[in-house]
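Each chain, written out:
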Amino acid sequence: MIINHPLLGPRDAAEFVYLGDAALIDRPDWQAAEAAEAFHAYGYLRDNPAGAHQELWYHEQGDRSWLVVTRDTVSHEITQVELARDVARARGRSR
Amino acid sequence: MSQVNRIKGGLIDPATEITFTFNGKAMQGHPGDTLASALLANGQRLVGRSFKYHRPRGIFTAGSEEPNALVELRKGATQEPNTRATVTELFDGLEARSQNHRGSLEFDLMAVTDLLSPFLSAGFYYKTFMWPRAFWEKLYEPAIRASAGLGRLSMEEDPDRYDKGYLHCDLLVIGAGPAGLMAARTAARAGARVILADEDFVMGGRLNAETLEVDGKPGSDWAVGVVAELAAMANVRLMPRSTVYGAYDHGVYGVLERCTDHLATSGGKPRQVLWRVYARHAVLAAGATERPVAFGNNDRPGVMLAGAVRAYANRWGVAPGRRVAVFTNNDDGWRTAADLVAKGIEVPAVIDTRDAPAVCDVPGARHVRGAAVMDTRGRKGLRQITLTDGQMIDADCLAVSGGWNPNLHLTCHQRGRPEWRDDLAAFVPGRELPPGMVVAGAANGAMTLAAALREGCAVAETLGYADKSDLPRAEDEPRDCAPVWHVPQSRARAWLDLQNDVTVKDVKQAHQEGFRAVEHLKRYTTLGMATDQGKTANIPALAIMAECTGRTIPETGTTIFRPPYTPVPIGALAGRARGRAFRPYRLTPSHRWAEAHGATFVEVGNWLRAQWFARDGEQGWRDSVDREVLMTRGSVGICDVTTLGKIDIQGRDAGEFLNRVYCNGFATLAVGKVRYGLMLREDGIAYDDGTTARMGENHYVMTTTTANAVTVFRRLEFARQCLWPDLDVHLISTTDGWAQFAVAGPNARKLLRKVVDTEHDLSNEAFPFMGCGEVTVCGGMPARLFRISFSGELAYEVAVPARFGNAMMGVLMEAGREFDAVPYGTEALGVMRIEKGHAAGNELNGQTTAHNLGMGRMVSRKKDCIGNVLSQRPEMLRDDAVKLVGLRPVDRATGLISGSHFIGQGDAATMENDQGWMSSVAYSPSLEHSIGLGFLKRGDARMGEILRAVSPVHGREMEVEVVSAHFIDPDGERLRG
């Protein structure tokens with residue numbers, strides 16, 4: 001597979017390490033009332049879609065960016081690649 | 001009697017004679033021959049024995065689809081089994097041997113299996129060898145494996161080298177037949193970067209095997225011209241002897257190039273190269289493969305595919321027989337008859353299943369209309385055929401054509417499903433192709449020469465590579481086909497899959513027994529397995545299953561093709577990654593010093609670390625390790641600890657970041673201080689530990705364990721970029737940047753005093769335990785000094801730029817000479833950490849929590865950190881959870897066993913009574929007995945209790961006493977001294 005890195009252009013997937021569902025960005029609030037349940041869901045529960053899937057890839061043999069790659073799990077077509085930092089900010093993760 | 005079947009013509013060099021051997025017998029051939037064409041030229045029809053029944057078998061095809069003619073090549077370490085003679089390029093001195101027989105090829109002792117065939121039908125093994133179960137491994141399987149099977153491995157290391165490479169192009173053309181050559185030429189003339197790959201050693205595909213003309217000259221001449229034009233273009237790379245074996249995601253193709261297989265020796269060059277080709281577009285122009293018709297005893301040597309028969313005559317100047325009968329269900333079979341007669345070979349009859357007029361004139365041949373071959377005779381080679389109308393015809397070769405199947409394999413590598421075309425009676429590529437791929441020529445169902453040339457040109461134009469020149473002139477030869485898959489009148493066994501000995505009856509039986517889905521059929525009968533993957537067998541078998549079920553062929557299904565198209569040697573897949581180069585390894589900065597001072601090395605992750613330093617007179621490793629421990633604790637020892645991960649952390653929020661990744665607090669760590677830190681996984685399990693030093697206001701240096709150096713860094717980057725993107729913090733791995741040495745023992749300070757420049761105060765007051773700072777050593781060289789201790793002694797770690805590491809080891813040892821300083825390795829390091837009760841990899845094993853490790857109170861509840869919430873789950877904080885304890889044998893002379901489980905006195909050694917386990921053991925030279933660390937239920941409250949440590953693996957048990965994990969200096973007086 002080839003991942004079109006937003007900063008470095010197309011790179012072979014062999015340069016990357018795969019983590020999984022980009023929902024891992026959405027780490028729950030540790031002080032929320034149902035924090036234990038929320039962290040359980042965060043840690044253990046995943047969707048397994050046949051189709052578009054947002055997932056985290058780490059450019060370990062490159063610039064060490066974490067990327068959010070939107071990949072079709074059936075065809076492996078990659079429709080979008082973003083810096084995970086930008087995605088995290090857009091999802092409201094700040095300090 | 002050499003080359004009795006050699007005739008005139010062909011693309012060989014008859015002036016040059018080369019010698020090879022088959023089963024030890026010398027034979028002659030010419031450059032341009034394959035092993036198969038040379039064997040046929042020498043009259044060698046019998047070339048092997050079949051997989052299951054040990055039936056005599058001959059050459060069946062002229063290409064990579066060959067199911068029968070598998071041979072062993074070369075000898076000694078370079079011996080290679082299961083090589084297809086049909087694609088083996090002949091060279092002087094080639095040694096080839098037939099396979100799968102006991103005794104000689106002619107009198108195979110295992111041929112008796114064939115007599116047992118009524119008992120050996122599909123599923124026989126599954127049904128017969130079920131009981132008694134114990135017999136399977138000891139008796140049945142070894143016996144079956146010995147009687148069935150293919151070639152033998154040399155069991156020696158392959159002396160050849162293999163390589164890997166990467167190529168990029170606009171257009172990858174797969175197959176250099178008429179369609180491929182046209183596509184490549186059109187795109188190349190338009191300026192595209194083109195790679196043209198073909199599995200054959202002569203480009204041109206079927207043009208080389210046919211008498212068809214292009215632009216008024218022989219097709220093979222036209223091909224030579226196009227190849228020459230392409231070879232002269234800078235934007236074209238020609239890759240003969242290169243099989244495109246797989247189509248992968250995003251335009252990545254796997255290509256195996258056989259660089260020196262056609263030479264006697266590889267001469268130091270890579271024998272094969274596995275290319276990864278990145279192609280914007282690809283044209284699949286892989287042609288078509290002929291399929292047989294199944295009839296009685298159709299597996300005898302001399303029964304061959306019709307297209308192969310004329311390929312041997314036209315391309316290699318070989319007559320596969322003296323009298324060649326032709327059996328066909330289509331027009332193309334007639335071309336074989338016509339070509340053979342033109343070459344002066346007798347064709348006694350053309351048997352056409354269609355009741356139709358002759359397709360062309362074949363002088364001397366009887367045309368038998370609407371009939372079929374139903375049986376053959378000739379024990380080790382064909383002598384006679386019997387037709388359905390009862391006629392018997394003498395022939396030593398029978399050319400069979402059941403029509404042609406497009407080679408669409410690569411179109412299926414990404415789930416594409418073929419579609420059936422009734423007019424061709426064949427599957428063609430479906431609409432869903434791998435992105436960027438187009439198909440042209442026979443592979444796409446364009447079965448005539450003119451159509452192939454036209455499509456080759458057209459697909460290149462569709463991809464945007466237009467060329468103004470005219471299409472070459474060629475004919476649309478007749479290609480009508482009336483499908484016939486097997487001859488029902490046959491009473492003898494009719495073979496479908498020659499490689500796996502699967503017959504028409506086996507398929508019918510599979511149907512009867514309910515194995516009707518194609519995938520079940522394949523697994524039940526083994527149809528389509530092994531080296532040829534059923535290239536000639538799958539479609540006829542599918543057709544027979546369709547007949548049995550009363551469905552059409554497309555309704556019955558098709559097997560999905562997966563990579564590789566043809567076998568890829570493991571050596572090529574491994575490339576250079578074998579032996580010592582299997583994975584990279586790393587040397588510590590003081591490696592050369594250690595080598596020169598008697599170190600024995602051990603692999604730790606990718607590192608080679610000194611395990612111990614043996615001295616003259618020491619009887620074994622324990623002598624060395626005990627000495628290193630005692631001398632370190634008695635005076636001072638030095639150990640290279642560079643392999644621990646080092647991460648430089650800077651930024652205004654660096655402290656806050658540490659607070660969130662360690663479970664214990666870091667907000668209060670003062671500049672010039674070091675703190676132990678424990679990291680958890682998000683699920684609350686302990687993950688890694690180490691120390692972090694605050695070197696400046698916004699500057700920290702973290703250490704990790706050696707094993708987790710890479711993954712901790714990865715997780716920290718995840719936390720930094722994905723969880724807290726706006727913290728001002730930056731990370732860089734400096735593991736390789738600094739050489740770091742532990743200097744441990746009561747004389748550590750005195751030793752360092754001689755190395756660290758005098759302006760730096762090392763007194764206990766100025767540089768106390770858990771202090772750190774930037775210093776200079778050896779008269780001005782920058783260094784970092786940390787007062788931390790893994791051994792429990794007064795100890796420091798001193799870091800210098802990595803390039804000075806080897807010299808620094810020497811400097812430290814020289815300065816320590818007056819104290820009898822010793823270098824120590826990982827074993828002594830391990831002994832001392834167990835004596836001190838420090839957790840390491842055996843304790844941080846992915847099952848234990850801070851609570852288990854006795855560090856539960858370290859998990860701060862005042863702040864968030866990774867793993868905080870889930871570490872507080874009630875089940876993980878149970879009172880009866882296992883706790884880290886020390887253990888010693890009641891009988892001090894006994895050695896503890898790591899991995900033992902703790903069982904109460906008088907309890908049975910069962911899972912129910914399991915109270916924990918021994919995680920680490922060592923002989924403590926300081927205490928002069930064995931000691932251990934372990935996890936025991938409520939262990940912290942059971943000091944002094946006597947338990948049994950049971951090791952079922954070793955069949956041993958012993959009494960142990962629960963003690964504090966701190967065997968040495970429990971109050972820490974030494975390290976603070």
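Definitions and cut-offs
Residues numbered from 1 in each chain as written. Chains lettered and ligands numbered in written order. Predicted model: local features only at pLDDT ≥ 70, side-chain atom pairs only at ≥ 80, totals over all residues. Helix = DSSP H or I, 4+ residues; strand = E, 2+ residues; numbered from the N terminus. Contact = placed C-beta atoms within 7 Å. Buried ≥ 20, exposed ≤ 12 C-beta atoms within 10 Å, placed from the backbone. Arc of directions from axis to C-beta. Pairing = 2+ DSSP bridges. Axes fitted to C-alpha atoms, helices over the stretch in contact; angles between N-to-C directions. Domains from an automatic or database assignment. Nonpolar A, V, L, I, M, F, W, Y, C, P; charged D, E, K, R; others polar. Left-handed = near helix turned anticlockwise from the far one by under 90°. Expected span 1.5 Å × (residues − 1).

### Details of the overall build of chain A
Check the secondary structure of chain A and you find two helices and six strands. Secondary structure elements in chain A, listed N-terminal to C-terminal, are β-β-β-α-β-β-β-α. Its C-alpha atoms give chain A principal-axis dimensions of about 45 × 30 × 20 Å. In chain A, the share of contacts with a sequence separation of at least 24, taken over all contacts with a separation of at least 6, comes to 50%.

### Brief notes about helix H10 (residues 504-512) of chain B
Residue and element names in this part refer to chain B. Of the positions making up H10, those classed as buried are Val504, Asp506, Val507 and Ala510. All buried residues of H10 lie within an arc of 165° about the axis, which places them on one face of the element. On its buried side, H10 packs onto strand E29 (495-497), strand E30 (502-503), helix H11 (518-525) and helix H12 (538-549). Looking one or two places after H10, you find Gly514, whose phi comes out positive at around 95°.

### Things to note about the environment of Met304 of chain B
Residue and element names in this part refer to chain B. Tracing the chain through its elements places Met304 in strand E17 (residues 303-305). Distance from Met304 to Leu398, taken between C-alpha atoms, is 6.1 Å for residues 94 residues apart in sequence. Ignoring sequence-local partners within four residues, the contact set of Met304 consists of Ile59, Phe60, Val309, Pro320, Cys397 and Ala399.

### Considerations on the sheet that holds strand E6 (residues 78-83) of chain A
All names here are of chain A. The strand order across the open sheet built from four strands is E3-E4-E5-E6, with neighbouring strands paired in antiparallel fashion. Since the sheet does not close on itself, it has two edges, and those belong to strand E3 (17-21) and E6, each with one partner. This sheet shows a mean twist of 30° between the axes of neighbouring strands, independent of strand direction. As paired strands, strand E4 (residues 52-58) and strand E5 (residues 66-72) are joined by seven bridges and run antiparallel to one another. Considered in E5, the bridge of Gln54 is made with Thr70.

### Thoughts on the environment of Met876 of chain B
Residues and elements named next belong to chain B. Secondary-structure assignment places Met876 in the loop between helix H22 (868-871) and strand E45 (882-889). According to the C-beta neighbour criterion, Met876 is partly exposed, with 17 such atoms within 10 Å. Here Met876 is in contact with Gly684, Thr849, His851 and Ser871, once residues within four sequence places are set aside.

### Quick word on the domain arrangement of chain B
Residue and element names in this part refer to chain B. Segmenting chain B into domains produces domain 1 (1-156), domain 2 (162-288 + 406-462), domain 3 (494-562), domain 4 (590-643 + 737-838), domain 5 (644-734 + 845-859) and domain 6 (878-976). A straight line from the C-alpha centre of domain 5 to that of domain 6 covers 30 Å. The interface of domain 5 with domain 6 comprises five residues on the first partner and six residues on the second. Partitioning the side of domain 5 that touches domain 6 into residue classes produces one nonpolar, four polar and no charged.

### Things to note about the packing of helix H5 (residues 178-189) of chain B against helix H6 (residues 219-231) of chain B
Residue and element names in this part refer to chain B. Relative orientation of the contacting elements H5 and H6 amounts to 35°, with a least axis distance of 10 Å. Where H5 crosses over H6, the two elements pack in a sense that is left-handed. For the pair formed by H5 and H6, the contact residues are Leu181, Ala184, Arg185 and Ala188 on the first element and Ala223, Val226, Glu229 and Leu230 on the second. Broken down by class, the residue content of the contact of H5 with H6 amounts to six nonpolar, no polar and two charged.

### Some remarks on H6 of chain B
All names here are of chain B. A rise of 1.5 Å per residue sets the reference length of H6, with its 13 residues, at 18 Å; its end C-alpha atoms lie 18 Å apart and thus fit the reference within 8%. Residues Gly219, Ser220, Trp222, Ala223, Val226, Val227 and Leu230 constitute the buried set of H6. Buried residues of H6, seen end-on, are gathered within an arc of 155° and therefore sit on one face of the element. With respect to the buried face of H6, the exposed residues turned more than 90 degrees away are Ala228 and Ala231.

### Some details on the environment of Gly402 of chain B
All names here are of chain B. Turning to its location among the elements, Gly402 is positioned in the loop between strand E24 (397-401) and strand E25 (404-406). When the C-alpha positions of Gly402 and Ala425 are compared, they lie 9.9 Å apart, and in sequence the two are 23 residues distant. Beyond its immediate stretch of four places on either side in the chain, Gly402 contacts Arg291, Pro292, Val293, Asn329, Val484, Trp485 and Pro540.

### Examining the sheet that holds strand E34 (residues 637-640) of chain B
Residue and element names in this part refer to chain B. If you walk across this open sheet you meet the six strands as E41-E42-E43-E40-E34-E44, and the pairing is mixed. Among the strands making up the open sheet, the edge pair consists of strand E41 (772-777) and strand E44 (822-823). Alignment of E34 against strand E40 (residues 738-744), held across four bridges, turns out to be antiparallel. Residue pairing for E40: Gly637 is matched across the bridge by Ala744. Here helix H20 (residues 805-815) sits on the sheet in contact with E34, E40, strand E43 (795-801) and E44, set at roughly 20° to E40.

### Remarks on the interface of chain A and chain B
In this complex, chain A contributes 22 residues to the contact, which on the side of chain B involves 19 residues. Of the residues in the side of chain A that touches chain B, the class split is 12 nonpolar, three polar and seven charged.

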